[in-house]
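# Architecture at a glance
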Amino acid sequence: RKEVEQDPGPFNVPEGATVAFNCTYSNSASQSFFWYRQDCRKEPKLLMSVYSSGNEDGRFTAQLNRASQYISLLIRDSKLSDSATYLCVVNGPGNQFYFGTGTSLTVIP
Amino acid sequence: SQTIHQWPATLVQPVGSPLSLECTVEGTSNPNLYWYRQAAGRGLQLLFYSVGIGQISSEVPQNLSASRPQDRQFILSSKKLLLSDSGFYLCAWSQLYGNQPQHFGDGTRLSIL
């Protein structure tokens, strides 16, 4: 079983739509959680950390459900510039980072 | 603030040639350092990680090796490249403790001919 699993998509949504990505992780001892954004042929960049209480950064909202072992990312009012691959990342015991394979998002004009 | 530098950005090498990719981090001490490879359209594969000078852990068997000669320097090497070594190589760092995220270098796109 993979440490982190994501729906690969692709998600094709119109501008202004709300889109949500989910991610599940297998190790209940995982300690911290992140969403990264990766543009084509570029390095992953940290989008936001995910806290137990949930957190928001502008149009982006991240939530963590430890009981069910999943994290989510909600993007409201999608912009063309949001088109990218979104990576779910889990930091487990021993400071090991586990990456999902990414969810592809295309925002359509 | 912390920065990570990785070079070269692009590299084209013949099969059987050696490889050396370098990564340096500035603005922090005792970072964890990582080398990843990403094949086209695929996820990140962890190759090596290091928690200190001279301490290297390898995740997958391969013809690549890594070294950490200084606290903030991480080098990926090969004596003889294979076609299958083509890919996007990424160096990353994280704080040693505290559940902090990783930060990536710009990556090296390696093509083997």
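Residues numbered from 1 in each chain as written. Chains lettered and ligands numbered in written order. Predicted model: local features only at pLDDT ≥ 70, side-chain atom pairs only at ≥ 80, totals over all residues. Heavy atoms only, no water.

## Structural notes on the pairing of strand β8 (residues 73-78) of chain B
Residue and element names in this part refer to chain B. Note the following rule: Think of it in three bands: with a 1.4 Å probe and only protein chains considered, a residue is buried below 20% of the maximum accessible area for its type, exposed above 50%, and partly exposed in between. Numbering of helices and strands runs from the N terminus, with a helix taken as a DSSP run of H or I at least four residues long and a strand as a DSSP run of E at least two residues long. Strand pairing is assigned whenever DSSP detects at least two bridges linking the two strands.
Taken across its 6 residues, β8 has 5 buried, putting it largely inside the fold. Relative to β8, strand β7 (residues 64-70) runs antiparallel, the two being bridged by 5 bridges. Residue Q70 lies in a different strand from β8, and its bridge partner there is Q73.

## Overview of the sheet that holds strand β7 (residues 60-65) of chain A
Residue and element names in this part refer to chain A. Heads up, the condition is: A fitted line through C-alpha atoms represents every axis, and for helices the fit uses only the stretch in contact; the resulting angles, taken between N-to-C directions, go from 0 to 180 degrees.
On the basis of which strands lie adjacent, the open sheet formed by 5 strands has the order β1-β3-β8-β7-β6 and antiparallel pairing. Where the open sheet ends on each side, the last strands, each with one partner, are β1 (4-6) and β6 (55-57). When strand polarity is set aside, the average angle formed by the axes of neighbouring strands in this sheet is 20 degrees. Bridging between β6 and β7 involves 3 bridges; their strand directions are antiparallel. Among the inter-strand pairings, D57 is bridged to a residue of β7, identified as F60.

## Side note on unusual backbone geometry
Here the amide bond leading from G9 of chain A into P10 of chain A is cis, since omega sits at 10 degrees, within 30 degrees of zero. Mapped onto the elements of the fold, P10 of chain A is located in the loop between β1 and β2 (11-14). Of note, the amide linkage connecting W7 of chain B to P8 of chain B takes the cis form, showing an omega dihedral of 0 degrees. With respect to the element layout, P8 of chain B can be found in the loop between β1 (3-7) and β2 (10-13). At Q69 of chain A, a position not held by glycine, the phi torsion is positive, near 60 degrees. Considering the arrangement of structural elements, one finds Q69 of chain A in the loop between β7 and β8 (70-75). Judged by its relative accessible area of 18%, Q69 of chain A falls in the buried class. Phi is positive for D77 of chain A, close to 50 degrees, though the residue is something other than glycine. The topology assignment puts D77 of chain A in the loop between β8 and β9 (84-92). Residue D77 of chain A is classed as partly exposed on the basis of its relative accessible area of 37%.

## A few points about the interface of chain B and chain A
You'll often see interface size given as the accessible area lost when the parts meet. Counted only if it meets this: Contacts are assigned to residue pairs with any non-hydrogen atoms lying within 4.5 Å of each other. Here the quantity called buried area is the accessible surface, traced with a 1.4 Å probe, that two parts lose on coming together, added over both. Salt-bridge detection follows one rule: a side-chain nitrogen of Lys or Arg within 4 Å of a carboxyl oxygen of Asp or Glu. Any pair of N or O atoms that falls within 3.5 Å is considered a polar contact. Within protein, one atom must be able to donate a hydrogen and the other to accept it, and sequence-neighbouring residues count only if both atoms are side-chain atoms.
In this assembly, 22 residues from chain B lie in contact with 17 residues from chain A. Contact with chain A buries area across many residues of chain B, yet N99, F104 and R109 of chain B alone supply 31% of it, more than any other trio. Linking chain B with chain A are 0 salt bridges, by the criterion used here. Across the contact surface, chain B and chain A share 5 residue pairs in polar contact (both at pLDDT 80 or more). Every element with two or more residues in the side of chain B that touches chain A is listed here: β4 (32-38), β5 (44-52), β9 (87-94) and β10 (103-104) of chain B.

## Quick notes on the layout of surface pockets
Short version of the rule: Think of a 1 Å grid over just the protein atoms. A cavity is a set of points where a 1.4 Å probe fits yet cannot get out, a pocket is an open set with protein on both sides within 12 Å along at least five of seven lines, and lining residues have an atom within 4 Å of a point. Grid points are joined across faces, edges and corners, and a volume is the space filled by probe spheres set on the points. Basically, the charged four are Asp, Glu, Lys and Arg, the nonpolar ten are Ala, Val, Leu, Ile, Met, Phe, Trp, Tyr, Cys and Pro, and anything else, Gly included, counts as polar.
Put simply, the largest pocket is a space of about 1,000 Å³. Together, 37 residues line the largest pocket, and Q38, A39, R42, G43 and L44 of chain B are the ones closest to its centre. Here the lining of the largest pocket gets 4 residues from one element, more than from any other, and that element is strand β10 (residues 96-99) of chain A. Of the residues contributing to the lining of the largest pocket, the split by class is 16 nonpolar, 13 polar and 8 charged.

## Looking at the confidence of the model for chain A
Detailed reading of the predicted model is not advised wherever pLDDT is low. Formally: Here pLDDT means the predictor's own confidence in every residue, given as a number from 0 to 100.
Counting all residues, the mean pLDDT for chain A is 94, and 100% of those residues have values of 70 or more. Ranking the elements of chain A by mean pLDDT puts β10 of chain A last with 90 and β2 of chain A first with 97.

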